[in-house]
Amino acid sequence: MSQVTSHDVVVPLPRAATPNEFAGGIEAPLAHSAEQARSARRRLREWYLPIELGLAAALALTVLVISDTPLIFGSAVAALALVVNYHAGRETVRPGLPHIGRILKDQGVPVTAVAVGMVLGIVPGALLSDTLWIVGAVAVVAVAGTVARRAVSGQMRLLVVGSPADIAKSATRWAGDNRAKVVGALALGEDGVDLSDLDSFGVRAIGQLDEVEQWVQRWDADLVVLVPGDAITSDVVQRLAWHLEDTHASMAVTGLLDKVAPHRIDTARFADGTLLHVRSSRRSVFVRTVKYAVDRLAAVALLAVAGVPLLTMMALVRLDSRGPAIFKQTRVGLDGKTFTMYKLRTMRVDAEKVKAELATMDEGNGVLFKIRDDPRVTRVGRLLRKTSLDELPQLMNVVLGQMSLVGPRPALPEEVAKYTPTERRRLAVRPGITGLWQVSGRSNLSWERSVELDLHYADNWRLTSDVVIGLRTADAVVRSRGAY
């Protein structure tokens, strides 16, 4: 079996495909898989565009019934224009529709401009409601269309282009993924490697660029993914694009920007070359100020709503076990500054003293101390932890500006003392009551995966992602995933 060693990891290589293989036993399962892929694309064509058209028509009818203002007709025109411009086409990676965050931003600009003009007395007040209807129509159809496309699209069939080692790593990376399946490969840049001798674990490989078109059609690939390397030059990209012109497959590049969110990437033409411009991971003063203000205002509102239930829970904690209702602990926040974090007490008052005796029972992720059936947790505390209601007092930390509603969880000083320089990046943003780590598995995740998620948030957060994480938090709390 041929193998390639990369970074001390040994991976098997995909073997070359030959046309006569399809005369035997390989043809039937591959044909069945290809038929499933065609069915998925048919669902996309048959359902996605009608769904969008129906949404646009229903929205137009609704607003026309509600108001007889002539400009309302513009909402119907805008919605239909959006459908025509972004209907389901050959681009399979990202639906033609823009990102939801960009939709909200684009729609917010004209509304804000009209509102300012109205305050200054330049724009009549009636125009604001018309503007809201028009941009609202576009936003609703765009968001609903994005959701619809995600719901009706099937598993993507990928053809990977790169070195044999990159192909093998890609195949294992996407193994078992319900949205991606590597069905073939183009092995480039490995001089002396005999493709006919490459071993297979479900991926067949070819070795010539001019064979791509026929194999894309035979493998019924939706997307050709290039993995950057010495063999992937601008000429290869250009020629590959030519070969794909007469197929239904689109082309994309992966690898270099995996840790950068799409909203931070722009393209530009500079000095006779095409650049991928990566925006700074540090948000502008304006965006950080808005987040800070929204956090504090929302925390005040939530405290007002949760005031009576919180007092009730505090009383139950006191009745269930000896000790104070509120547990105070020193945690590390933004830029390494310490603060006192508040929680509803869920353990016995001597929990820290007993901790050393339970060291052998630790089921945490390597840094955080966790026991699934911790004997220190009280009866009421177990319920509070399962529902995450023990975190409610941290709304006061948000009001005080020490925490955010969304962000990495605040760590203990002794945990931070063990951080590597990379892990300290978690301290670049305010810690949160909830975050990407919490909605992705919580205590069930390894320490490495937890750090990866927190670093992704620290580098790529935006206001719309905070809203999404907040909605996912509600689902995670209801399901009690990883809560113990």
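Placed above this text is the structure.
Reference entry: report on the structure contained in this document.

Basis of the calculations
Residues numbered from 1 in each chain as written. Predicted model: local features only at pLDDT ≥ 70, side-chain atom pairs only at ≥ 80, totals over all residues. Heavy atoms only, no water. Helix = DSSP H or I, 4+ residues; strand = E, 2+ residues; numbered from the N terminus. Buried < 20%, exposed > 50% of the residue type's maximum accessible area, 1.4 Å probe, protein only. Arc of directions from axis to C-beta. Polar contact = N/O pair within 3.5 Å; in protein donor to acceptor, adjacent residues only side chain to side chain. Patch = residues over 30% accessible without salt bridge, like charges linked within 9 Å, V, L, I, M, F, W, Y side chains within 5 Å. Areas by Shrake-Rupley, 256 points an atom, 1.4 Å probe, with all protein chains shown as cover. Salt bridge = Lys/Arg side-chain N within 4 Å of Asp/Glu carboxyl O. Phe/Tyr/Trp six-rings, centres within 6.5 Å; stacked < 30°, edge-to-face > 60°. Lys NZ or Arg CZ within 6 Å of the ring centre and 35° of its normal. Core = buried A, V, L, I, M, F, W, Y, C linked by side-chain atoms within 4.5 Å. Contact = heavy atoms within 4.5 Å. Axes fitted to C-alpha atoms, helices over the stretch in contact; angles between N-to-C directions. Nonpolar A, V, L, I, M, F, W, Y, C, P; charged D, E, K, R; others polar.

### A short note on unusual backbone geometry
Of note in this structure, Asp220 is not a glycine but carries a positive phi near 55°. Although it is not a glycine, Ser388 adopts a positive phi angle of roughly 65°. Inspection of the secondary structure puts Ser388 in the loop between α10 (379–387) and α11 (394–399).

### Section: α10
Residues Val380, Gly381, Leu384 and Arg385 constitute the buried set of α10. All buried residues of α10 project into a common sector of 135° when viewed along the axis, lining one side. Exposed side of α10, more than 90 degrees from the buried face: Arg379 and Leu383 are the residues found there. Two or three places before Gly381, at the opening of α10, Thr378 has a side-chain oxygen 2.9 Å from that residue's backbone nitrogen. Positive backbone phi, at 65°, marks Ser388, one or two positions downstream of α10.

### Focus on the side chain of Thr247
Take Thr247: it is sitting in the loop between α7 (234–244) and β8 (250–253). Of the polar contacts made by the side chain of Thr247, one reaches the backbone oxygen of Leu244; its length is 2.9 Å. A distance of 3.3 Å separates a polar atom in the side chain of Thr247 from the backbone nitrogen of Ala249.

### Notes on a nonpolar patch on the surface
A cluster of nonpolar side chains, namely Val116, Leu120 and Ile122, defines an oily patch on the protein surface of about 320 Å² accessible area. Considering the arrangement of structural elements, one finds Ile122 in the loop between α3 (100–119) and α4 (126–152). Taking the relative accessible area as the measure of exposure, Ile122 reaches 64% and is therefore exposed.

### So, the packing of aromatic side chains
Evaluation of the coordinates by the stated rule reveals two aromatic pairs. Each ring, one from Trp215 and one from Trp219, has its centre 5.0 Å from the other, and the planes form 40°; the classification is tilted. One end of the pair, Trp215, and the other, Trp219, are both in helix α6 (residues 212–219), four residues apart, so they sit about a helical turn from each other. Accessibility assignment for this pair places Trp215 and Trp219 in one class, buried. It is Arg218 that lies over the ring of Trp215; its NZ or CZ is 5.5 Å from the centre. Here Arg283 stacks its cationic end above the ring of Trp461, 5.5 Å away from the centre of that ring.

### What about the pattern of salt bridges?
Applying the stated rule across the entire model yields 13 salt bridges. Between Asp454 and Arg426 there is a salt bridge whose closest N-O contact spans 2.7 Å. Taken together, the residues span a long stretch of sequence, with Asp454 in helix α13 (residues 447–460) and Arg426 in the loop between α12 (413–416) and β14 (432–434) at a distance of 28 residues. Of the two residues, Asp454 and Arg426, both sit in the buried class. Two residues, Glu452 and Arg449, come together in a salt bridge whose shortest N-O distance is 3.0 Å. A residue pair is termed a helical-turn pair when its members lie 3 or 4 positions apart in one helix, as Glu452 and Arg449 do in helix α13 at three residues. Here the salt bridges do not stand alone but share partners, grouping Lys343, Asp390, Glu391 and Arg409 into one network.

### Quick word on the nonpolar core
Judged by nonpolar contacts, the single largest core of 20 residues is most densely connected at Val398, Met403, Leu405, Ile433, Tyr457 and Ile469. Looking at this core, the elements with two or more residues in it are β12 (338–344), α11, β13 (404–406) and α13. Beyond its immediate stretch of four places on either side in the chain, Tyr457 contacts Lys291, Val406, Gly407, Pro408, Val429, Asp466 and Ile469.

### Overview of the packing of helix α8 (residues 285–320) against α10
Packed helices, taken two at a time, are described by the angle between their axes plus the distance between the axes. Running from N to C, α8 and α10 cross one another at 145°; their axes reach a closest spacing of 8 Å. Only Arg379, Val380 and Leu384 of α10 make contact with α8, whose side of the interface consists of Met313, Leu316, Val317 and Asp320. In terms of residue class, the contact of α8 with α10 is made up of five nonpolar, no polar and two charged.

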